[in-house]
Every structure is written in C-alpha cells, then in structure tokens.
There are 2 protein chains.
Amino acid sequence: MEKLPSLSSLFRIFALGALLAVCVSAHAQTDPLPSWNEGAAKKAIVDFVQATTTQGSPQFVPPAERIATFDQDGTLWVEHPIYTQVMYVLERVPALVRAKPELAKVAPYSTVLELLKGDRAAMEKLTEADLFKLLAATSTGMSVEVFQAEAKKWLAEARHPRWKKPYTDLTYLPMQEVLKYLRANGYRTYIVTGGGQDFVRVYAEATYGIPPEQVVGTAGGTTYGYAKDGKPFLTKDPKLLLNNNNAGKPEGIHLMIGRRPYAAFGNSTGDRQMLEYTKAGDGARIAMLVLHDDAKREYAYGPASGLPATKVGALTQALYDEAKKKGWTVISMKDDWKKIFAFE
Amino acid sequence: MEKLPSLSSLFRIFALGALLAVCVSAHAQTDPLPSWNEGAAKKAIVDFVQATTTQGSPQFVPPAERIATFDQDGTLWVEHPIYTQVMYVLERVPALVRAKPELAKVAPYSTVLELLKGDRAAMEKLTEADLFKLLAATSTGMSVEVFQAEAKKWLAEARHPRWKKPYTDLTYLPMQEVLKYLRANGYRTYIVTGGGQDFVRVYAEATYGIPPEQVVGTAGGTTYGYAKDGKPFLTKDPKLLLNNNNAGKPEGIHLMIGRRPYAAFGNSTGDRQMLEYTKAGDGARIAMLVLHDDAKREYAYGPASGLPATKVGALTQALYDEAKKKGWTVISMKDDWKKIFAFE
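Rules of the game
- Residues numbered from 1 in each chain as written.
- Chains lettered and ligands numbered in written order.
- Predicted model: local features only at pLDDT ≥ 70, side-chain atom pairs only at ≥ 80, totals over all residues.
- Heavy atoms only, no water.
- Contact = heavy atoms within 4.5 Å.
- Buried area = accessible area lost by both parts, 1.4 Å probe.
- Salt bridge = Lys/Arg side-chain N within 4 Å of Asp/Glu carboxyl O.
- pLDDT = per-residue confidence, 0-100.
- Helix = DSSP H or I, 4+ residues; strand = E, 2+ residues; numbered from the N terminus.
- 1 Å grid on protein atoms, 1.4 Å probe; cavity = no way out; pocket = protein on both sides within 12 Å on 5 of 7 lines; lining within 4 Å.
- Points joined across faces, edges and corners; volume = space filled by probe spheres on them.
- Nonpolar A, V, L, I, M, F, W, Y, C, P; charged D, E, K, R; others polar.
- Least-squares fit on C-alpha atoms with pLDDT ≥ 70 in both.
- Buried < 20%, exposed > 50% of the residue type's maximum accessible area, 1.4 Å probe, protein only.

1. Here's the deal with the interface of chain A and chain B
Contact with chain A, which involves 47 residues of that partner, is made by 47 residues of chain B. Across the chain A/chain B interface, buried area totals approximately 4000 Å², and carbon plus sulfur atoms make up 60% of it. Per-residue buried area on chain A facing chain B is highest for Y224, H254 and L255 of chain A; these three make up 16% of the total on that side. Counting the contacts that link chain A with chain B gives eight salt bridges. R259 of chain A serves as the salt-bridge partner of E205 of chain B, at 3.3 Å between the closest nitrogen and oxygen.

Here it is in structure tokens:
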C-alpha cells in the first residue's frame, strides 16, 4: 500500500501551487499605464517607481516616505475654458442676487450676470480681486456641511460647455493610471491645488480615490460655534489661511504633509516651486509638467503650442525652459497619451 | 491500494487547517489593553472599537472614515512640571544670549536665565506673550531642516527633572496601547496638540508610530526661498497660522484632516471643543478625558485631585462636570491604569 503523503508534504504541495499562481499572475501582469504611448515620459515614471520601490535599489524609498503630489487644474482634469471652481462661483451668483436684488447693478455681480447671459467678453473684466470677492460671497458664511451639500449638488448637475458632461468625467485617464500605479506601489497620492481645499475635497475621493486628508488647497479659516440646540459646528470664514499657489505650494506641503514629495506633477507656473522643491530632494525624484498641445482632443495653450499663454493655466516659455534645463519631464498630451478621457 | 487524495480534497484539508489556525489564534489573542484595569474606561474603548469595526454592526464605520485624535501633553505623555516644548525653548535661551550678549539683561531672556539657574519662582513671571516671544526667538528664522536637527539633538540629550529620563520615554503605556489597538482596527491616529506642529513631528513617528502628516499642531508659516547655490528651502516664520488650542482644535482638524473624528482623547480645557465636536457626530463616538489623580506614580492636579487647577494642563471643574453630563468618559490614572510607564 502506498504511503499517504504526510501533512508536511501536503503543505509543501500547496506552497508550490501558491508560488506557481503568483508567478503566473506576475507574468500575466498588464501594463500599469495602458493609455500612455511608449516614450520618455512613460519611461521616466516606470523607472522612478522601480528605482524607489525595489528592495536593494540604491534609490529605495521606505514606504512611509513615499509621497507624490499632483496639481489638479490642467494636470488631473480639464481647466479650459474656465476653472471648474470659478464656474461654480459664477453660477451661484444668480441665487445671491435673488436673495439681495440690489446686487444686480453692482460690479462684479453685474459683470457675472452679463457673462452668464452669454457675453464671454465679460470674463476678461473680472480681476483676481473680483474672483476673491465672489468666492467669499458664494463660499463662506455657511457651515462646512451646507457648503459641501451645495457644491455636491452643483457638481452632479453642471455640464462642461464643450463635452456636455459632468466636470468630474473630464479627468485625464493617463493621470488616473499614474495615481493608481503609484498607490499600488505604496505611494500616498496628494492633490496640491491652487483651488479651494474644501471644494476639491467634496469630490476627490470619488473622482480620484484621494481622501479629504490628502487634499491640500487654498484654504480659508473656519470659526467654531454652537447652533441653538447647543450642537457645535464650523462656519466657513472669508479669511485666507493658505494661498496654495506658487511658493504657497511647498509652504502648504510643509504645513499639511511635513515631508518633501518624491514625485510632483504640474502644468503651469503656479506649480513651479512645488516641482523645484520636489526635485531638489536627495535620491530619485521626478518633476513632470503636462503640456497642453492637443487642440483637437483637448486644448492647445502655452509655448509649445505656438499660442500665447492664456489667463488660465499658463505654462510660460520660461517654465518650459526651466523644465528642460533642470531635467524635469514634459508630458506631451498629443504624443504621450493614447487616450485622454475614459469616455473616448 | 488506497486512493491518493484528490487535489480538491488536498485543498480542503489545507483550508480546514488554515481555519483551525485562525480559530486557535483568535482564542489565544491577548488583551489589546493589558495595562488597563477592567472598568468603565477600558470597556468604553473596547465597546467602541467593536461597534464601529464589526461588519453588520449598526454603528459600523467604513475604514476610510476611521479617524481618532489625541491631544499630546498630559494625554499621551507627561506635561508636568513644564511642557516639554517650553523646556526646549527655555534651554535654547543661553545659546541665544551667547550670540547676542545684550539680551542677558532684557526680559524675558533675563527671567529665563534666572529660572535655569534654579529660581523656580521665575517661571511664574513668564506670561503667554513672553512664551510666544521666546518661541519666535528660538524656533523661527532658520530653515525647517536646521530646526529639526536642533530639536532632535535636544530631545536626545534632555532629561526630565523627576525621572532623569528622555522626555520621549515618558509616554503613557496605556495610551500607547490605545494607539496601537485603534490602528490595528483600521483607525488612523492623529495627534492634535496645542504644541508646535514642527516640534512634535520631529519625534512623533519614532515615539508614537504617528507620521508627520498625522500631526496637527500650532503652526507658524514658512517662506520659500533659495540658497546661494540655487537650492530652494523653507524658512520658519514667526507668523502664527494656526493656534491649535480650544476652538482652534476642531478648526485645525477641519483644515488638516477634513473629517470629524470618531474618537478623541484629551485632558484639559484646551481639548474641550475637540471632544464636543467629536461627540456631536452621528453614530458611535467616544470622547475621553485623562484625569491626573495619581500623585504617587505621576502627578495629581485638577478637580478630582482636590488640588487647584494649575497653569499647565488644567482640567477645570467645569470641564469635568461637562464630561459627566455629556457622556464623555473620564480616565482615572490611579484607578484605570495598571502601569503608567513602560519602564516601571
């Protein structure tokens, strides 16, 4: 009678099977960046991940230190013709005017009403100071929860003028793949945006898989107080705490994260200091710039397009030159991205 | 000849073995809070974890939302006779005076020199404004990296006057167990301290297993600039961005985390609003207060000790009464903690 296999040999058989399964799955592993064409940009990302996450690599980064930061507007999703949050602010103006009809004849409210009636030239009249005024009027003075509910409702209903789709559908598929690829390799992915922190937090988790605590943005203060029933709540204040643009980006990263990123992605002059700060760290670091050079599938603006920089998301010639000089990687939407949107 | 077991039965045998191993380990599972005596405080923590992490529980909290916040001074480690960071600031004054000898005769520097010579009464002369002035003089104006190196060096050398041990050894073992127990159950643990965010971040990871991005504290601004070699760096500014005490705690939690905690631990009036804000959320929430009532093993101060509230970490009678009224749990160091320090 043949001997039955011992318990230890049973375990050995099972272990062998498990190992085999792992090997098969590793070989069948699909390209982590399928929407990217082969090229310098894709290679830079893959090389970076391998160098920083392979045990024994001289550039290995311990998991706790793996931080990657992403600008949002123009880097993770469409920013033309008008930043999404600016659209939100503008489209809240009619409700403001209904509540206070005297505002209808006062700038900048009157300018916004003209703009919403279709006078696109009116947009040029709005200064940055006007936008801050409108932001304060539409996005502060209410509780954090009321603001979140209003923004959520608007995001569900609003449509982008060109694609007639929700703004949250207009994220770049290749960048969504980078977010997932980095997270699968132990990186924590942060949004570091000039946009409002509270606004972006409303949809970042569903849209990018990025939780509220990993959204660093321009932030106003809040004031703690009590409702009539004694329940405490936070009111959004018009007081600016963190202007998370330009030098404000590395300053915001220090305040909110306290570690220097290993990878940073941007697309405009507002991202320059974040990219410099990231790249100035020791070891392997990548700084990447999305170049909007695809007029057909998205938009073309900035230097490489041959078009003048616009008010929205300008990648200036100076920043483009700095990128080339400092070994940052420029991502050409036209050449590096097979697909731009998931819905294509 | 007896048939060999089929592959599927081999797997079944293995699965059974694995299940058995899991059951044995569950039964052998050790108490997650071994330094706690059985009682209402320990029960409140264990009940909370079970209610919020057991699938199917009506109070189940999705892992992404599991946030727990901890005050530091007096809650996670000793705060008497003087806050650790205040000791740091005071002990940096002699170096300041060596660099600028004219300061030796000017208050508050002269007061600090008296204090360091052993005149304990001099401490009473220092106002909060003095402390802010000393903080600015000793902890701003240098790069973030220089500050971190100086604080790290001091922490390695400084000793607590009573135990003659490094301050980082004076954490409460029962609270370390709570941190680990919550993390093992999917909670992210945050320090939310009135102390300096940059100071606490220097040692929080090694001391509590809490990474820099999960330290919310009183924070000053930084300024981005360039060294002579063109390398960018951040300089610590004397400008206060976030006074993370009292109402500043829920405001800081909103700024830095963007979610309401499910559990909060504190010990003084500076924690009141954080505990209220936490407890006011839906579902199962715990708010707990550490009561310093063990004069022998640590210190006794605050109402239950029969002693007057002190300048440092005062749990006032009003807060103690609010805790009792609102269903917060008071932790008695004397009765609830079997051991206070790991070195006992």
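2. Things to note about the confidence of the model for chain A
Residue and element names in this part refer to chain A. Summary statistics for chain A give a mean pLDDT of 90 and a share of 88% for residues scoring 70 or more. Low pLDDT, under 50, characterises residues 22-28; the stretch is placed with zero contacts to residues that sit more than four places away or in other chains. For this predicted complex, the interface confidence reaches an ipTM of 0.90, while the overall pTM sits at 0.90.

3. With respect to the environment of N246 of chain A
All names here are of chain A. Mapped onto the secondary structure, N246 falls in the loop between β4 (232-242) and α10 (248-256). With 52 residues separating them in the primary sequence, N246 and G194 have C-alpha atoms 8.4 Å apart. If we ignore the near neighbours within four places in the chain, the residues touching N246 are T269, G270 and Q273.

4. A few points about empty space enclosed by the protein
Summed over the entire model, instances satisfying the criterion amount to one cavity of 30 Å³ or more. For the largest cavity, the calculated volume is near 30 Å³. What lines the largest cavity is simply L241, L242 and L255 of chain A together with L241, L242 and L255 of chain B. Counting residues per element, the ones that place at least two in the lining of the largest cavity are β4 of chain A together with β4 (232-242) of chain B. Tallied by class, residues from the lining of the largest cavity come to six nonpolar, no polar and no charged.

5. With respect to the relation of the copies chain A and chain B
Mapping between the two chain copies consists of a rotation about an axis together with a translation along that axis. If you rotate chain A by 180° and push it 0.0 Å along the axis, it lands on chain B with an RMSD of 0.0 Å. Classification of the inter-copy transformation places it as that of a two-fold axis. Take the interface residues of chain A: 100% of them recur as interface residues in chain B, which is what a same-surface contact looks like.

6. Looking at the pattern of salt bridges
All names here are of chain B. Enumeration over the complete set of coordinates arrives at 38 salt bridges over all chains. Across the pair E157 and K153 runs a salt bridge whose closest N-O atoms are separated by 3.7 Å. Taken together, the residues span about one helical turn, with E157 and K153 both in helix α7 (residues 144-157) at a distance of four residues. For E157, a relative accessible area of 53% translates into the label exposed. We classify K153 as exposed; its relative accessible area is 53%. For D198, the salt bridge is made with R201, and the minimal N-O distance between the two is 4.0 Å. Highlighted residues: D198 and R201, both in helix α9 (residues 197-208), separated by three residues, approximately one helical turn. Residue D198 is classed as buried on the basis of its relative accessible area of 13%.

7. With respect to unusual backbone geometry
The step from H80 of chain A to P81 of chain A runs through a cis peptide bond, and the omega angle for that step is -5°. Position of P81 of chain A among the secondary structure elements: in the loop between β1 (67-70) and α3 (84-99). The linkage connecting A107 of chain B with the following residue, P108 of chain B, adopts the cis geometry, with an omega of 5°. With respect to the helices, strands and loops of the structure, P108 of chain B is situated in the loop between α3 (84-99) and α4 (109-116). Residue K164 of chain A is not a glycine yet carries a positive backbone phi of 55°. Topologically, K164 of chain A is positioned in the loop between α7 (144-157) and α8 (173-184). What makes K164 of chain A exposed here is its relative accessible area of 60%. Positive phi values are uncommon outside glycine, yet N246 of chain A reaches one of about 55°.

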